[in-house]
Amino acid sequence: MKVVADLCIVPMGVGPSVSPYVREIKAIIDASDLEAEMHPNGTNIEGELSDICRLAEQCEARLAELGVQRVFFTLIFSSRRDKAQSMADKLKAVS
């Protein structure tokens, strides 16, 4: 199922700055074949839901390798069965 998702991953217990961890997550997302756009509070991703979930698991595994013991995730997604619609299409529709 193709979706447009908003993924937010927050490493917990690592101090006030999470930037080094976000850079690691961004590198994993950038290396994927998924269309993604980072924003201040997460990343918009479009693709198959199973691929996005697999990507989130890869990010969690990398954080675990870095010693992060707790991670907070939010994954919000929308789907359309009546027509194909990309992130750009959704923005164009309200412009």
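As the structure is a computational prediction, the values presented were derived from the model and not from experiment.

S.K.: How should the environment of P16 be read in this particular structure?
M.R.: Along the chain, the position of P16 falls in the loop between β1 (2-12) and α1 (19-31). Placed 10 residues apart in sequence, P16 and D6 show a C-alpha to C-alpha distance of 23 Å.

S.K.: Would you explain the pairing of strand β2 (residues 35-39) in this entry?
M.R.: In regular strands, side chains alternate between the two faces of the sheet. Here five bridges tie β2 to strand β3 (residues 42-48), and the two strands are oriented antiparallel to one another. Bridging across to β3, E37 finds its partner in N44. A loop of two residues connects β2 with β3, the two strands running antiparallel in sequence.

S.K.: I'm lost on the UniProt feature "domain: Thiamine-binding protein" (unreviewed entry) in the protein in this one. Help?
M.R.: Under the present numbering, the feature "domain: Thiamine-binding protein" (unreviewed entry) in UniProt falls on residues 5-94. Between the end C-alpha atoms of residues 5-94 the distance is 18 Å, and the span holds 41% helix and 33% strand.

S.K.: Before we go on, may I ask you to explain the sheet that holds β1 in this structure?
M.R.: Strand pairing in a sheet takes place through backbone hydrogen bonds and is either antiparallel or parallel in direction. Sheet architecture is open: four strands sit in the order β2-β3-β1-β4, paired in antiparallel fashion. Each edge of the open sheet carries a strand with a single partner, namely β2 and β4 (70-79). Averaged over all neighbouring strand pairs, the angle between strand axes comes to 20°, with direction disregarded. Each of β1, β2 and β3 is contacted by α1, which is oriented at about 160° to β2, the strand it contacts most.

S.K.: What exactly am I supposed to notice about the packing of α1 against helix α2 (residues 49-65) here?
M.R.: The geometry of a pair of packed helices is captured by two quantities: the angle between their axes and the separation between those axes. Close contact between α1 and α2 brings their axes to 10 Å; oriented N to C, the two are set at 140°. You can see that α1 and α2 cross each other, and the crossing is right-handed. Side by side, α1 and α2 meet where Y21, E24, I25, I28 and I29 of the first sit next to L55, Q58, C59, R62 and L63 of the second. Residues belonging to the contact of α1 with α2 are distributed by class as follows: seven nonpolar, one polar and two charged.

S.K.: Quick question: what am I supposed to make of the nonpolar core here?
M.R.: For soluble globular proteins, the rule of thumb is that nonpolar side chains tend to be buried together. In this structure, I9, I25, I45, I52, L55, C59 and L63 are the most contacted members of the largest nonpolar core, which totals 17 residues. Of all the secondary-structure elements, those providing two or more residues to this core are β1, α1 and α2. Counting residues per element, this core draws most heavily on α2, at six residues. Beyond its immediate stretch of four places on either side in the chain, I25 contacts I9, C59 and L63.

Cut-off values and rules
- Residues numbered from 1 in each chain as written.
- Predicted model: local features only at pLDDT ≥ 70, side-chain atom pairs only at ≥ 80, totals over all residues.
- Heavy atoms only, no water.
- Helix = DSSP H or I, 4+ residues; strand = E, 2+ residues; numbered from the N terminus.
- Pairing = 2+ DSSP bridges.
- UniProt positions renumbered as here; feature names shortened; annotations may be inferred.
- Axes fitted to C-alpha atoms, helices over the stretch in contact; angles between N-to-C directions.
- Contact = heavy atoms within 4.5 Å.
- Left-handed = near helix turned anticlockwise from the far one by under 90°.
- Nonpolar A, V, L, I, M, F, W, Y, C, P; charged D, E, K, R; others polar.
- Core = buried A, V, L, I, M, F, W, Y, C linked by side-chain atoms within 4.5 Å.
- Buried < 20%, exposed > 50% of the residue type's maximum accessible area, 1.4 Å probe, protein only.

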